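Structure at a glance
In case you want the letters, here they are:
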Amino acid sequence: MIEFFHLVWRKRAQLGPWLILMLFGSILFKYTYDAPLTLGQFHHNLPLLLRFIAGGIVLGGLYQVLLVIFPGLQKYQFKRIGRNRVSLPRDGIVYLLMMTVLFVGSVLSRENMLMLVFAMMTGPFVLNGWITYSMLKHIQLKRLIPQRVMVGETFTAEIILENNKKILAAHLMEVTDEIINGEDELSPSVVFRRVGPRQQVSAHYSAKLMRRGIYEFGPLQVSTRYPLGLVKRGAVFAEYSELIVHPQIGRLSSKWADDFFSIAEVAQQSRSRKGVFDDEFNHIREYRTGDSQRAIHWRSSARQGELMVQEYHQNRNYDLIIGLDLWLPAYPNEAQSERIEWAISFIGTLCREHLRYSRDTKLTLVSQGKTLESLEVGIGSQGLEYLLDFLATLQPGKSTVKKEFPKLVSEASTHRSRTVLITTRSEQELPKRERLQNCFEEPGNELSGQWRLIEADPEVLSRWLVLETS
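Small disclaimer: the values here were computed from a predicted structure and weren't measured.

This next bit is on helix 12 (residues 404–412). Regarding helix 12, the residues found buried are Phe 405, Pro 406, Val 409, Ser 410 and Ala 412. Mapping the buried residues of helix 12 onto a view down its axis gives an arc of 165°, with all of them on the same face. On its buried face, helix 12 sits against strand 17 (319–325), strand 18 (363–368), strand 19 (372–377), strand 20 (417–423) and helix 13 (436–439).

A few words on unusual backbone geometry. Of the consecutive residues Gly 218 and Pro 219, the connecting peptide bond is found in the cis state with omega at 0°. Relative to the elements of secondary structure, Pro 219 occurs in the loop between strand 10 (213–217) and strand 11 (220–224). At the junction of Tyr 226 and Pro 227, the peptide bond is cis and its omega measures out at 5° in the coordinates. One non-glycine residue, Leu 172, lies in positive phi territory at about 45°. Its place among the elements puts Leu 172 in strand 5 (residues 170–176). Here the phi dihedral of Arg 198 falls at roughly 55°; this positive angle occurs in a residue that is not glycine. Among the secondary structure elements, Arg 198 is positioned in the loop between strand 8 (189–195) and strand 9 (199–208).

What follows concerns the pairing of strand 13 (residues 241–246). Across the six residues of strand 13, five count as buried, placing the element largely inside the fold. Here three bridges tie strand 3 (residues 148–150) to strand 13, and the two strands are oriented parallel to one another. Within strand 13, the position partnered with Met 150 by the bridge is His 246. Note that strand 10 and strand 13 share five bridges and pair antiparallel. Bridged to Phe 217 within strand 13 is Ser 241.

This paragraph deals with the nonpolar core. Counting residues in each nonpolar core, the largest one holds 36 residues, and the members touching the most others are Trp 256, Phe 346, Leu 365, Leu 391 and Ile 422. For this core, the elements supplying multiple residues, two or more each, are helix 7 (254–260), strand 17, helix 10 (334–357), strand 18, strand 19, helix 11 (381–392) and strand 20. Sorting elements by how many residues they give to this core places helix 10 first, with nine residues. With 29 residues, the next largest nonpolar core counts Ile 139, Val 149, Phe 155 and Phe 217 among its residues.

Let's shift gears to the sheet that holds strand 2 (residues 139–144). Ordered by their spatial adjacency, three strands build an open sheet running 2-4-9, and the pairing between neighbours is antiparallel. Here the strands that pair on one side only, and so sit at the sheet edges, are strand 2 and strand 9. Shown here is a sheet whose adjacent strand axes are inclined to one another by a mean of 20°, direction ignored. The pairing of strand 4 (residues 154–163) with strand 9 spans ten bridges and is antiparallel. Across the sheet, Phe 155 pairs through a bridge with Ala 207, a residue of strand 9.

Further remarks concern a nonpolar patch on the surface. A contiguous nonpolar surface patch, about 450 Å² in accessible area, is contributed by Phe 103, Val 104, Val 107, Leu 108 and Met 115. Sorting elements by how many residues they give to the nonpolar patch places helix 5 (residues 90–109) first, with four residues. Mapped onto the fold, Val 104 is located in helix 5.

Let us now look at the environment of Ala 119. With respect to the secondary-structure elements, Ala 119 resides in helix 6 (residues 112–136). Spatially, the C-alpha atoms of Ala 119 and Met 99 are 8.7 Å apart, while their sequence positions differ by 20 residues.

Quick look at helix 2 (residues 12–34) now. The end-to-end C-alpha distance of helix 2 is 31 Å, a good match for the 33 Å that 23 residues give at a rise of 1.5 Å each. Leu 15, Met 22, Gly 25, Leu 28 and Thr 32 are the residues of helix 2 that are buried.

Those places that UniProt annotates as "transmembrane region" (unreviewed entry) correspond, in this numbering, to residues 15–33, 48–71, 92–108 and 114–133. Helix and strand shares over residues 15–33 are 100% and 0% respectively, and the end C-alpha atoms of the span are 28 Å apart. With 100% helix and 0% strand, residues 114–133 has end C-alpha atoms that lie 29 Å from one another.

Moving on: the pattern of salt bridges. Inspection of every chain in the model, using the stated rule, returns eleven salt bridges. Its salt-bridge partner being Arg 339, residue Glu 455 comes within 2.9 Å of it at the nearest N-O pair. Here the residue Glu 455 occupies a position in strand 21 (residues 450–455), and Arg 339 occupies one in helix 10, the gap between them amounting to 116 residues. Two residues, Arg 352 and Glu 353, come together in a salt bridge whose shortest N-O distance is 3.6 Å.

This brings us to the sheet that holds strand 21. Read from one edge to the other, the open sheet built from five strands follows the order 19-18-17-20-21, with strand pairing classed as mixed. Each edge of the open sheet is held by one strand with a lone partner, namely strand 19 and strand 21. Taken pair by pair, the neighbouring strands of this sheet meet at an average axis angle of 15°, ignoring direction. Across seven bridges, strand 17 lies against strand 20 in parallel orientation. Within the sheet, the bridge partner assigned to Leu 324 lies in strand 20 and is Ile 422. The strands that helix 10 touches are strand 17, strand 18, strand 19, strand 20 and strand 21; relative to strand 17, the one it contacts most, it runs at about 170°.

Thresholds, definitions, all that
- Residues numbered from 1 in each chain as written.
- Predicted model: local features only at pLDDT ≥ 70, side-chain atom pairs only at ≥ 80, totals over all residues.
- Heavy atoms only, no water.
- Buried < 20%, exposed > 50% of the residue type's maximum accessible area, 1.4 Å probe, protein only.
- Helix = DSSP H or I, 4+ residues; strand = E, 2+ residues; numbered from the N terminus.
- Arc of directions from axis to C-beta.
- Contact = heavy atoms within 4.5 Å.
- Pairing = 2+ DSSP bridges.
- Core = buried A, V, L, I, M, F, W, Y, C linked by side-chain atoms within 4.5 Å.
- Axes fitted to C-alpha atoms, helices over the stretch in contact; angles between N-to-C directions.
- Patch = residues over 30% accessible without salt bridge, like charges linked within 9 Å, V, L, I, M, F, W, Y side chains within 5 Å.
- Areas by Shrake-Rupley, 256 points an atom, 1.4 Å probe, with all protein chains shown as cover.
- Salt bridge = Lys/Arg side-chain N within 4 Å of Asp/Glu carboxyl O.
- Expected span 1.5 Å × (residues − 1).
- UniProt positions renumbered as here; feature names shortened; annotations may be inferred.

Spelled out as C-alpha cells, the structure:
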C-alpha cells in the first residue's frame, strides 16, 4: 500500500489536470441538486441534462486517472480493433459551432435564409465524413522492426500501408505507432501523402530507446482528415511486435588487466603458452581514453607521432564466473538506480570480451535480484546474444543475500577459474554480518582460484569500463 501511494505521488503532475476535471464534474453534479429551481427557469429538463454531463466528466476523468496509474490498461482500451473512430479537429469544432448557431437562429427567428446557409454548410461537412470513411476501407498496415537493439542505439522502423481499393486512392494518411515499456510511452507517427489504388507504400521513423528491457509495439492507428479537414476518421489495426533492448556495452580499458591480474600470473602464462593464441603481447594500437600509462609503447609513439599502447589479451585460459548481486531498495534514489545500469553494462562488457577472446573455456553467470538465476554460456556469437537477452530482462530485488547465491557461485568455481563478484550494495554502510564478502568466508562457500569483489559505484567502474557517449 505504501508503494502504491509513492507511485501516485511521483505521477502527481500527470494526475493533477484530471483530478481537477473530476472535481469540477462533482461540483456541477451537486449544484444541479442544490439549485434545481434556478436551472429549471431556463428549461425544465436542464438539471437532468447537466447531471448526465457532470457524470460523463467524472467518469472520463476517472478513466484517465486509471490509465496514468496503471499504464498496462492501455492495451485494453481498444476493444474493437479495426473499427472506425470519429473525432473533430479544432477546425471541425468551429465549423460545427457555426452550423449550430445558424440552425438555432433560423429556428428562433424563422428566417429561411439562415436555414439555407445551414443546409449549404452541412453538405461539405457530410461529404468530408464520407470521403474519409471511404479512404479507410480496404487498407492494411504492417510494421517491420529489428529484433534487438542496444540502449542509446538509433534504429529504424518501417511502416507499410497497402491500399487494396480498385479505384479510390488514399490521401494524407497519418499512421501513429505506440511504444510502451513500463513508464515509458512513445507515439511516433508517419504520414503517407498518397497511396494509389492497389499500391503499397512504405515510410520510416527513427527512434532511440534509453532503457533496457522488452518494448511492446502496437497497435497501429491510422487517421485522415482529407480533403477539407473538418472530420477526422481513423481505424485501429492489431499489429503488435516486441523489441529487446540490450544494456549499453562499452569496452574494457587496459587498467582492468593491470588491476585484476597479478604480474606473476601474467609472466607465468607468457612462459607456458606459445603460438597464435599467446596470452601476452597482442598488438600495438592508438591510445584511448582510460588506457593505462604503463602500457604506452614509447618507441612506436615517437615513430608515429602520437601515443601508442601495447594491448594484451589475458583472458584465454580460464573459466570466468560472475556473481551479480542486483539489489535496490524499495524507494531508490537516482544514484542507486544508476548503480544497477552500470553494474549490468560492466557485466555485459566483461562477458563480451571473454567470449570474444576465449577458447575452450566456459562462462557462468549467477545473478541475485528479483529472482535467483544461474546461466552458463558457451563460446560464440549465439551465446553472447542469449546472454544479452538475459541481462536486458534482469530486475533488481530488495531482499538480503540469499543462502543459495554464494553456494551456486562457489560450486561453479574451480582452481582454473576466476571469479568476479559485483554488488550494488554499499558494503561499507552494511553491518558486517550482511556484507557479501563475508558470505563467501563461511564454511562450504569458499571460492577456488582467483576472485575479486567489486562495488558497482560508477566512479569505481568508470576506471575499467569505457562507454561510448553520443
